[in-house]
Amino acid sequence: MQNIMDIDTVALNGHEDAVRIIDQTKLPVEIDLKDLRYAREMYDAIYLLEVRGAPAIGVFAALSMYVLSIGRDIDANVELPVGMEPGDMPPDAPEEFHQWFHKTADYLNSSRPTAVNLSWALKHMQDLVDAHPDADRKTLLPMLHDLAIAIRDEDIEVCRRIGEYGVTLIKDGDGLLTHCNAGKLATVRYGTATAPMYLAKERGMNIRVYCDETRPLLQGARLTAFELLSSGLDTTLLCDNMSGSAMRAGFINAIFVGCDRVAANGDTANKIGTSVVAAVAKQYGIPMYICAPTSTIDMNTKTGDDIVIEQRKAEEVTEMWYEKRMAPRDVKVYNPAFDVTDHDLIAGIVTEYGIARAPYEESFQEIFKKKAENPIR
Ligand code: MRU
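A brief report on the enclosed structure follows. (Residues numbered from 1 in each chain as written. Predicted model: local features only at pLDDT ≥ 70, side-chain atom pairs only at ≥ 80, totals over all residues. Heavy atoms only, no water.)

With mixed pairing, the seven strands of this open sheet are ordered in space as E6-E5-E4-E7-E10-E13-E14. Since the sheet does not close on itself, it has two edges, and those belong to strand E6 (234-238) and strand E14 (354-356), each with one partner. The mean inter-strand angle of the sheet, taken between neighbouring strand axes irrespective of direction, is 25 degrees. Here four bridges tie strand E4 (residues 175-178) to strand E5 (residues 208-212), and the two strands are oriented parallel to one another. Each bridged residue has a counterpart across the sheet, and for glycine 175 the counterpart in E5 is arginine 208. Contacts from helix H7 (residues 219-230) reach E4, E5 and E6 within the one sheet, and its direction differs from that of E5 by about 165 degrees. Running at roughly 160 degrees to E14, helix H11 (residues 360-373) makes contact with strand E13 (348-351) and E14 of the sheet. (Pairing = 2+ DSSP bridges. Helix = DSSP H or I, 4+ residues; strand = E, 2+ residues; numbered from the N terminus. Axes fitted to C-alpha atoms, helices over the stretch in contact; angles between N-to-C directions. Contact = heavy atoms within 4.5 Å.)

Here it is, written out as structure tokens:
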């Protein structure tokens, strides 16, 4: 049986003509690798959470733009393959290709609004095309390939470094809590919030990890519990409303979560329920750390109030996971996918260039200075 820890979450397939993902909607029952080639199926893969987690969807979008730019030699008289739409065929000539590239990137970018990594990665790909206005599709292809791979490799290195900084916050014997999945399934390889945990284990520390199930889409129960167990960590699953009890009982020494967008003042948007965990942690004096690559810090967003929060379908709350619909038919449903944790509830933001602490405006400047002096890519 394949171990999930040995498979990259997002990659190009062997022929490098499709993006290969682990279909996360099938986990933990089945490890299904899926090859995607068409814009519509790539959009759906993000919206339906087949690929999810802020860094992973950024890498996925970069690889997708490369794969879509390859195009396919399909006879005009032949019916289009399932999932393909006429707009999927990229034109060759520079001006037309550039227009097509931006339109396709905008389309992928519209799949989910909150995680800034999606637009961050797409913007890098678009900037490359813009920097070569006279280049046609075939000239740009190898450059797009190399940039997409570099964005993917960067994610691996960034998470490894977040692990190195994060592990300094863990002591032997600690109980750690996490919410949602900011693990390897949300990145290419190590995860952000889980990277320090994997390193702690590698270094022989004895730690216990508690994961919230994460209503309504159960990323904690289906994904985090699965990957932590697959990596051999001592793992305990909690319903979301049990973490206060675990904190009060003294089981939890620190909390590590990921995030989808960090505002310039240190407010962070992460999976719905994160802010509740943060508020309770403050009550019990437990430090809450946000693990975030610098690609998740959005200095153009001033505070958490400016972050667009994705609203999702009511059925995710009323029907999904139940054999029969469990809520009254006409009840109104509030289903935001993310919430904002105010910066004063956060003990530190762990990045690949060090741990930022309040006041965040200042420490982010320091972090970005280090990044400019010593870029990974
Ligand atoms: O809706 P999801 O599953 O994409 O939400 C994911 C999260 O909220 C993660 O915590 C976040 O993207 C950080 S992943 C390193």
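Attention shifts here to the site of the ligand. Taken together, 17 residues surround the ligand, and among them Arg52, Ala54, Arg112, Asn270 and Lys271 come closest. Asparagine 270 has a polar side-chain atom sitting 2.6 Å from an oxygen atom of the ligand. Contacts to the ligand include lysine 271, whose side-chain N or O atom sits 2.7 Å from an oxygen atom. Surface burial for the ligand is 99%, taken as the share of its 420 Å² of free accessible area covered by protein chains. Secondary-structure elements contributing two or more residues to the shell around the ligand are helix H2 (54-70) and strand E9 (268-271). Here the shell around the ligand is composed, by residue class, of seven nonpolar, six polar and four charged. (Near = heavy atom within 4 Å. Polar contact = N/O pair within 3.5 Å; in protein donor to acceptor, adjacent residues only side chain to side chain. Areas by Shrake-Rupley, 256 points an atom, 1.4 Å probe, with all protein chains shown as cover. Nonpolar A, V, L, I, M, F, W, Y, C, P; charged D, E, K, R; others polar.)

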